[in-house]
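Structural features, examined
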2 protein chains.
Amino acid sequence: MNVEFINPFLESTIKVIETMAFTKVTPGKPSIKQGNKSWGCVSGIIGLASEQLTGNLILSFDKPSILGIVGGMLGEELSGITPDVVDAVGEITNMISGGAKATLSEKGHKFDMATPIMLVGKDVEITQLSKGPVITIPFRTDKGEFVVEVTLHPTK
Amino acid sequence: MNVEFINPFLESTIKVIETMAFTKVTPGKPSIKQGNKSWGCVSGIIGLASEQLTGNLILSFDKPSILGIVGGMLGEELSGITPDVVDAVGEITNMISGGAKATLSEKGHKFDMATPIMLVGKDVEITQLSKGPVITIPFRTDKGEFVVEVTLHPTK
């Protein structure tokens, strides 16, 4: 994967979560994903596609981090993964990929976005039939942790 | 969802599975998906995206059906969901969406395909943040059953 593709997703993640949830977000070191276990208890998936590029963005949240983020968005204390929290995961995934899409589009790397999918469940095995490595970036908020996975490669 | 979009996915599913796995495939009646539980034990997901359209194709197989289909493709008897079977789910998902993409493209409904994602796990909750209904089509092979879910809607 073009390393130039990583920063727009990292920066968009920080901007969206900090702006929406009024919480500080600290990124860890990006690495190449090993294994195929999902992470956390709720994930948002969005397909990225154009004639030039194909990939996915996957966000996976532990329970404290997503309850803190969505609680911050709504201005209330949340205790469980309700349908509203699940929908918020899809909206956040959509906004983060939209931010990265805008940045990369300016550099000539265009793609469109599929419909967000949300998964609830622990220890779900997620594999991608990717043409190259999946990059994973851990993030920490003051409530918990989440992980962003990006893969984006030439279509042909 | 434009009903014109359903048949290309249905026909591509039958063609790909019958051609690859040498097994007869019988479709059931399409309906609007209710609830948010996943179906079967292994699923393939592919995002569909263009400036005009956004959606997903999700295939979910019960264990007998996918072992029968991939066993038919490889010409051997399979007993478990191995990494090769999981990869085959991604390939099948890719081929079915590719067939529907070709048919719909001829009619002016263009979209590109994201990277296939495979999920292994039972009772995973899958929700889509879709702009319209998700259509679900059940299929039967001589070994088992699988379900195809399609959502494809105008991007704006």
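Remember, predicted model here, so these are calculated numbers, not experimental data.

Topic: the pattern of salt bridges
All names here are of chain A. Applying the stated rule across the entire model yields 8 salt bridges over all chains. In this structure, Lys101 and Asp112 form a salt bridge, with 3.2 Å as the shortest nitrogen-oxygen distance. With Lys101 in helix 3 (residues 83-106) and Asp112 in strand 5 (residues 112-113), the pair connects residues that are 11 residues apart, well separated along the chain.

A word on helix 1 (residues 6-21) of chain B
An α-helical turn contains 3.6 residues, so a residue and the one three or four places further along point in the same direction. Residues and elements named next belong to chain B. End to end, helix 1 covers 22 Å across 16 residues, agreeing with the expected 22 Å (1.5 Å per residue, within 8%). Here helix 1 has its buried residues at Ile6, Pro8, Phe9, Leu10, Ser12, Thr13, Ile14, Val16, Ile17 and Ala21. Downstream of helix 1 by one or two residues, Phe22 has phi in the positive range, about 50 degrees.

Let's talk about the confidence of the model for chain A
Residues and elements named next belong to chain A. In this model, chain A carries an average pLDDT of 93, and 98% of its residues clear a pLDDT of 70 or more. Per-residue pLDDT, averaged within each element of chain A, yields its smallest value for strand 7 (residues 125-128) (89) and its largest for strand 5 (98). Here the complex is predicted with pTM 0.95, and the ipTM for its interfaces comes to 0.93.

Some details on the packing of aromatic side chains
Working definition: an aromatic ring pair is given by the centre-to-centre distance plus the angle between the planes. Taken as a whole and assessed by the stated rule, the structure comprises 6 aromatic pairs over all chains. Taking 5.0 Å as the distance between ring centres and 5 degrees as the angle between the ring planes, the aromatic pair formed by Phe139 of chain B and Phe146 of chain B counts as stacked. Grouping residues by exposure puts Phe139 of chain B and Phe146 of chain B together as buried. Of the aromatic side chains, those joined through ring pairs into one cluster are Phe61, Phe139 and Phe146 of chain A.

Brief notes about the packing of helix 2 (residues 63-74) of chain A against helix 3 of chain A
Residues and elements named next belong to chain A. Interaxial distance between helix 2 and helix 3 falls to 10 Å at its minimum, and their mutual angle equals 85 degrees. Taken together, the axes of helix 2 and helix 3 are roughly perpendicular relative to one another. Residue-level contacts link Ile66, Leu67, Ile69, Val70 and Met73 of helix 2 to Val85, Ala88, Val89 and Ile92 of helix 3.

Observations concerning the interface of chain A and chain B
Listed by partner, the interface residues are 30 residues for chain A and 30 residues for chain B. Counting each side, the surface lost to burial between chain A and chain B is near 2500 Å², with a carbon and sulfur contribution of 62%. When the buried surface of chain A facing chain B is broken down by residue, Thr115, Ile117 and Leu129 of chain A rank first, second and third, together holding 27% of it. For the pair chain A and chain B, the number of links is 0 salt bridges.

Section: the pairing of strand 3 (residues 42-49) of chain A
Residue and element names in this part refer to chain A. Counting buried residues along strand 3, 8 of its 8 residues qualify, which places the element largely inside the surrounding structure. Residues of strand 3 alternate between two faces, with Val42, Gly44, Ile46 and Leu48 on one and Ser43, Ile45, Gly47 and Ala49 on the opposite face, all of them buried. One ladder, built from 8 bridges, connects strand 3 with strand 4 (residues 53-61); its direction is antiparallel. Within strand 4, the residue paired with Val42 across the bridge is Phe61. The antiparallel hairpin formed by strand 3 and strand 4 contains 3 residues in its connecting segment. Two elements, strand 3 and strand 6 (residues 117-120), share 4 bridges in a ladder whose sense is antiparallel. What sits directly across from Ile45, in strand 6, is Ile117.

So, the relation of the copies chain A and chain B
Superposition record for chain A on chain B: RMSD 0.0 Å, screw rotation 180 degrees, translation along axis 0.0 Å. Each copy turns onto its partner about a two-fold axis. Residue Gly47 of chain A of chain A places its C-alpha closer to the rotation axis than any other residue of that unit, at 2.2 Å. Here 100% of the contact residues of chain A are again contact residues in chain B; the copies associate through an equivalent surface.

A closer look at helix 3 of chain A
All names here are of chain A. Compared with the 34 Å implied by 1.5 Å per residue over 24 residues, the 35 Å span of helix 3 between its first and last C-alpha is a close match. For helix 3, the complete set of buried residues consists of Val85, Val86, Ala88, Val89, Gly90, Ile92, Thr93, Ile96, Ser97, Ala100 and Leu104. The first or second residue beyond helix 3 is Gly108, which carries a positive phi of 90 degrees.

Points about unusual backbone geometry
Positive phi is not limited to glycine here, since Phe22 of chain A has a value of about 50 degrees. Here Phe22 of chain A lies in the loop between helix 1 (6-21) and strand 1 (26-27).

Examining a negative patch on the surface
Residues and elements named next belong to chain A. On the surface, Glu76, Asp84, Asp87 and Glu91 cluster together into a negatively charged patch. Position of Asp87 among the secondary structure elements: in helix 3. When its relative accessible area of 33% is taken as the criterion, Asp87 is described as partly exposed.

What to know about the pairing of strand 6 of chain A
Side chains Ile117 and Leu119 of chain A of strand 6 of chain A all project onto a buried face; the interleaved residues Met118 and Val120 of chain A project onto the opposite face, where all are buried too. Across 4 bridges, the pairing between strand 6 of chain A and strand 7 (residues 125-128) of chain B is antiparallel. Paired with Leu119 of chain A across the strands is Ile126 of chain B, a residue of strand 7 of chain B.

Definitions and limits used
- Residues numbered from 1 in each chain as written.
- Chains lettered and ligands numbered in written order.
- Predicted model: local features only at pLDDT ≥ 70, side-chain atom pairs only at ≥ 80, totals over all residues.
- Heavy atoms only, no water.
- Salt bridge = Lys/Arg side-chain N within 4 Å of Asp/Glu carboxyl O.
- Helix = DSSP H or I, 4+ residues; strand = E, 2+ residues; numbered from the N terminus.
- Expected span 1.5 Å × (residues − 1).
- Buried < 20%, exposed > 50% of the residue type's maximum accessible area, 1.4 Å probe, protein only.
- pLDDT = per-residue confidence, 0-100.
- Phe/Tyr/Trp six-rings, centres within 6.5 Å; stacked < 30°, edge-to-face > 60°.
- Axes fitted to C-alpha atoms, helices over the stretch in contact; angles between N-to-C directions.
- Parallel < 35°, antiparallel > 145°, perpendicular 65-115°, else oblique.
- Contact = heavy atoms within 4.5 Å.
- Buried area = accessible area lost by both parts, 1.4 Å probe.
- Pairing = 2+ DSSP bridges.
- Least-squares fit on C-alpha atoms with pLDDT ≥ 70 in both.
- Patch = residues over 30% accessible without salt bridge, like charges linked within 9 Å, V, L, I, M, F, W, Y side chains within 5 Å.
- Areas by Shrake-Rupley, 256 points an atom, 1.4 Å probe, with all protein chains shown as cover.
- Lys, Arg positive; Asp, Glu negative; His and termini not counted.
- Charge placed at Lys NZ, Arg CZ, Asp CG, Glu CD.

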